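# Working through the structure, step by step
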Amino acid sequence: MLRRLMHLPGIHFLRARPKVVVALFFIALFTLGLCTYRHYGVPYDEGTLDSLSRDSYAYVFRGAPWPTEKAWRYHGTLVELPLFGLAEWLTPLGNIQENYKRLYVRHFYGAYVFWFLSAFLVFAHARRFFKSYWWGLLAVILFLLLPRIYAHGFYNTRDIPQIAMFALAMLTLLRLLDHRTYLRAAVHGVAIALALSLRMSALILLPITVLFLGLEYVRGRQMGLQQRIQEYIAQCALVLITAAICTWMFWPFLWEHPVEHFLEAYRFMSSLADGDTLFLGKVYHGLPWLYIPVWIAVTIQPATFLLCCTGMVTSTIGIFVQWRNISAEARDRLVYLSWLLLPVFAILISGSGIYLEWRHVFFLSPAIILLAVIGFKDLLDWSRNKKIIHGILVGLLTLQIAATGFWMVRNHPHEFMYYSIPLKTAVPLFLPDYWALSYRAASKRVIELAPTKISTVYSDENVAFQNLYTIFPESLSRMMRVPTPEEAALIMTRDPNIAKNWKPLSLIQVDGVTINGVYKGGAYPQY
């Protein structure tokens, strides 16, 4: 039956034209983003990032001093600076009704466009490694079906662009290793600067580059030893100098006292690890060493996680088998292993700050996907003559893809609540909805449930009213904020300690777990 289906005229036409299929897939993906990017709310960080955007723009174009507020003084402005100019051009700042348009200009161009670029770069990596459009397409599908990262792609204007820039830097590194030209070295230096101008974590790209360029010159026996050493030093120097100059260009904070300010920013980012972190139901001071691996394991699909581990094992074995004469494929596997592992080791050693899940290292996600696809292909190659095992592997991955896609559609736009363990188990152990995005749905319910034309509303969090007034500007004349729940007709809250005292009108739930709700307040009319 399946063979007959595959030979139907339309299916056969597409199978023979993988470029057409890939193009149609990416068009559909971009269209999906266009249709859904307004479904997501205002995150807690929106004010901070908007201030960074506005203040950096004022510094560059209006002669204002660089901001002194630590919450955004040390952040790179590669995305936020042009984003403010774009928002200013498309939606001039004026009355509060314009904030709705500005919010989604920021989210679409500053988050989703970069998520889309990240997806394309995952495809480019897989297409290059496997030399197959179909394997590249599988990698993109698995990347798409990372629910949390997909959700972040509609509002996170820092960590999502970092995925794209890091993936771009790793792609330029691989191209440099393929053909060690000075032009490619300079391009790679620019790519490093782009990533470094977003987050300090991109510093790990420098030792990775030095390490793999050295390995490549050890592999290359065509030249004499002295010539290899000279070219190695020259290319490393070119990458470092280009990265340094371009980082200074892309990051206005470094325009004055560049070395001093860079070290100041590095020290500040490292100090963030000194805060308290909720992890596995306990509050830790500092970063437990298991933090990143556990967060990754509980927020990506089990099959993807296991396939990634498989890819790590098979790649490590292959590298050891070939250690005397490493092939280009084994070298690329080693690059992907380094992409995944070295940043984690560097964070643990340096004590850099990671908190609120693993979003600061989302740039590891392409490496996870690539190693998962490598692991899957290695298993298929191993089971080629074992039809039952072969079929089980394909069936399980297909089942995961279908189940995850169904979950994402059913729980849209709350994909950020995905865990690979039951949600009721995960909620007490981790911090759910830490950016309070569920207030968008709660705000919509408040407007629908308002008992009178003008109603009073209470919430214990300011972000609730940022969602209410920004996304639904008509509520400004209808919903009056009051300081206590007793004075309110309606209450919006995520806090179960507040919610238990009031009668629910509407609950926002994911997998049976309440993540927000609207309740009758003390001033709700009694009819």
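Above: the structure in question.
About the cut-offs
Residues numbered from 1 in each chain as written. Predicted model: local features only at pLDDT ≥ 70, side-chain atom pairs only at ≥ 80, totals over all residues. Heavy atoms only, no water. Disulfide = S-S within 2.5 Å. Buried < 20%, exposed > 50% of the residue type's maximum accessible area, 1.4 Å probe, protein only. Helix = DSSP H or I, 4+ residues; strand = E, 2+ residues; numbered from the N terminus. Expected span 1.5 Å × (residues − 1). Bend = angle between axes of the 7 residues up to and from the residue. Polar contact = N/O pair within 3.5 Å; in protein donor to acceptor, adjacent residues only side chain to side chain. Contact = heavy atoms within 4.5 Å. 1 Å grid on protein atoms, 1.4 Å probe; cavity = no way out; pocket = protein on both sides within 12 Å on 5 of 7 lines; lining within 4 Å. Points joined across faces, edges and corners; volume = space filled by probe spheres on them. Nonpolar A, V, L, I, M, F, W, Y, C, P; charged D, E, K, R; others polar. Axes fitted to C-alpha atoms, helices over the stretch in contact; angles between N-to-C directions. Left-handed = near helix turned anticlockwise from the far one by under 90°. Salt bridge = Lys/Arg side-chain N within 4 Å of Asp/Glu carboxyl O. Phe/Tyr/Trp six-rings, centres within 6.5 Å; stacked < 30°, edge-to-face > 60°. Lys NZ or Arg CZ within 6 Å of the ring centre and 35° of its normal. Patch = residues over 30% accessible without salt bridge, like charges linked within 9 Å, V, L, I, M, F, W, Y side chains within 5 Å. Areas by Shrake-Rupley, 256 points an atom, 1.4 Å probe, with all protein chains shown as cover.

Time to look at the state of the cysteines. Taken as a whole and assessed by the stated rule, the structure comprises 0 disulfides. Note on Cys246: no disulfide assigned, nearest cysteine sulfur contributed by Cys236 at a separation of 17 Å. Relative accessible area serves as the criterion here: at 11%, Cys246 is assigned to the buried category.

This part takes up helix α17 (residues 328–350). Its 23 residues give α17 an end-to-end C-alpha distance of 31 Å, which sits within 8% of 33 Å, the value for a rise of 1.5 Å per residue. Of all the bends in α17, the greatest measures close to 30 degrees and is centred on Ser338.

The next point concerns the side chain of Asn467. Mapped onto the secondary structure, Asn467 falls in helix α22 (residues 462–471). You can call Asn467 buried: its relative accessible area is 0%. Side-chain polar atoms of Asn467 contact the backbone nitrogen of Val42, separated by 2.8 Å. Contacts of Asn467, omitting those with residues within four sequence positions, involve Gly41, Val42, Ala436, Tyr439, Arg440, Ser443 and Phe472.

What follows is about empty space enclosed by the protein. Here the structure, examined in full by the defined rule, presents 1 cavity of 30 Å³ or more. Within this model, the largest cavity holds a volume of roughly 70 Å³. Contributing to the lining of the largest cavity are Arg148, His152, Tyr155, Glu357, Phe416, Pro432, Asp433, Tyr434, Trp435 and Leu437. Grouping the constituent residues of the lining of the largest cavity by class yields 6 nonpolar, 1 polar and 3 charged.

It is at 7 Å that the axes of helix α11 (residues 182–196) and helix α13 (residues 225–250) come closest, and there the two elements cross at 40 degrees. In the packing of α11 onto α13, the handedness of the crossing is right-handed. Mapping the contact onto sequence places Tyr182, Ala185, Ala186, His188, Gly189, Val190, Ile192, Ala193, Leu194 and Leu196 in α11 and Glu231, Ala234, Gln235, Leu238, Val239, Thr242, Ala243, Cys246, Thr247 and Phe250 in α13. Partitioned by chemical class, the residues of the contact of α11 with α13 number 14 nonpolar, 5 polar and 1 charged.

A few words now on the pattern of salt bridges. When the charged atoms of two side chains with opposite charge come close together, those side chains can pair. The final tally for this structure, using the stated rule, is 23 salt bridges. In this structure, Arg102 and Glu88 form a salt bridge, with 3.4 Å as the shortest nitrogen-oxygen distance. A residue pair is termed long-range when its members are at least 10 positions apart, and Arg102 in helix α7 (residues 97–130) and Glu88 in helix α6 (residues 80–90) qualify at 14 residues. Across the pair Asp159 and Arg199 runs a salt bridge, and its minimum N-O distance is 2.9 Å. In this pair, Asp159 is assigned in helix α10 (residues 159–178) and Arg199 in the loop between α11 and α12 (205–219), connecting sequence segments 40 residues apart. Of the two residues examined, Asp159 and Arg199, each falls in the buried class.

Considering all chains together, one arrives at 48 aromatic pairs under this definition. Residues Phe279 and Phe430 carry aromatic rings whose centres are separated by 6.2 Å and whose planes lie at 65 degrees to one another, so their mutual orientation is edge-to-face. Separated by 151 residues along the polypeptide, Phe279 in strand β1 (residues 276–279) and Phe430 in the loop between α20 (423–426) and α21 (439–449) bring together distant segments of the chain. Residue placement shows Lys386 over the ring face of Trp382; its charged tip is 4.8 Å from the ring centre.

The next thing to look at is unusual backbone geometry. Residue Pro413 is bonded to the preceding His412 through a cis peptide linkage, with omega at 5 degrees. Even without glycine at this site, His257 takes up a positive phi of about 50 degrees. Mapped onto the fold, His257 is located in the loop between α13 and α14 (258–271). Despite not being glycine, Ala436 has its phi angle at roughly 60 degrees, a positive value.

This next bit is on a nonpolar patch on the surface. On the surface, Ile241, Ile245, Trp248, Met249 and Trp255 cluster together to form a nonpolar patch covering roughly 500 Å² of accessible area. Following the sequence through the fold, Trp255 ends up in the loop between α13 and α14. Take Trp255: its relative accessible area is 35%, and that puts it in the partly exposed class.

Mapped onto the elements, Arg148 comes out in helix α9 (residues 147–152). Take Arg148: its relative accessible area is 3%, and that puts it in the buried class. Within polar-contact distance, the side chain of Arg148 engages the side chain of Tyr419 at 3.0 Å. Apart from residues lying up to four places away in sequence, Arg148 is in contact with Trp295, Thr299, Glu357, Glu415, Phe416, Met417, Tyr418 and Tyr419.

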